[in-house]
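Chain by chain, the residues run as shown.
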Amino acid sequence: MAHSNVYVKGLPVECDEATLLALFQTHGTIASLRLFQQPNKPPFAFVKFTDVQEAQQAISALNGAAFGGCIMEVRFADCDVGAHPDRTPPPSDNIFCRGFAPGCTEEDISSLLGTYGLVVSVKILHHGDQSGQGAAALVRMASVDE
């Protein structure tokens, strides 16, 4: 395998990035970790190690392991991030942002990101909730450079 990007599924619904980081960093240095959670769908994650051998060690140790009442499937991802330049979308002036305070407004987000350039539009995707899930939005800037 030419890359160190690992795909993880079979995670418990209550799983969070900090818990996954603690679990996987015992097997090597983590370059990035991204947990994907959507309503009514099981969560999954991508964990990128700095070294292919560390990724293989994590796969060997954790694939089929019980975690939070679930059995994890841990394997190399189909491809590494950016491994297929012909499939990489062109740069976009649209930005996905999350972690805003619950209840924030489009104006709040526009004001915050306006320090980096001209904000053309803001679309709030999720207003956040009481459980600590922050708000998420799509923000369109005036140019890719901004």
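The structure under discussion appears in the preceding block.
My aim in this report is to walk through the structure given alongside it, one point at a time. (Residues numbered from 1 in each chain as written. Predicted model: local features only at pLDDT ≥ 70, side-chain atom pairs only at ≥ 80, totals over all residues. Heavy atoms only, no water.)

### Here's the deal with the pattern of salt bridges
Link 1 in the chain: One pass over the full model with this rule turns up three salt bridges.
Link 2 in the chain: Put simply, Lys9 and Glu73 hold a salt bridge, and the shortest N to O gap is 3.5 Å. Of the two residues, Lys9 sits in strand 1 (residues 5-9) while Glu73 sits in strand 6 (residues 73-76), which places them 64 residues apart along the sequence.
Link 3 in the chain: Classification of Glu73 by relative accessible area gives partly exposed; the value is 28%.
Link 4 in the chain: Close ionic contact of Glu73 with Arg75 constitutes a salt bridge, the shortest N to O distance being 3.0 Å.
Link 5 in the chain: In this structure Arg75 comes out as partly exposed when scored by relative accessible area, which is 31%. (Salt bridge = Lys/Arg side-chain N within 4 Å of Asp/Glu carboxyl O. Helix = DSSP H or I, 4+ residues; strand = E, 2+ residues; numbered from the N terminus. Buried < 20%, exposed > 50% of the residue type's maximum accessible area, 1.4 Å probe, protein only.)

### Observations concerning the sheet that holds strand 1
Link 1 in the chain: Read from one edge to the other, the open sheet built from four strands follows the order 2-3-1-6, with strand pairing classed as antiparallel. Every other strand in the sheet has two partners, leaving strand 2 (30-36) and strand 6 as the edge strands with one partner each. Averaged over all adjacent pairs, the angle separating strand axes in this sheet is 15°, with direction ignored.
Link 2 in the chain: The sheet contact formed by strand 1 and strand 6 spans four bridges and is antiparallel. If you follow Val6 over to strand 6, its bridge partner there is Phe76. (Pairing = 2+ DSSP bridges. Axes fitted to C-alpha atoms, helices over the stretch in contact; angles between N-to-C directions.)

Any functional reading would require information that these geometric values do not contain.
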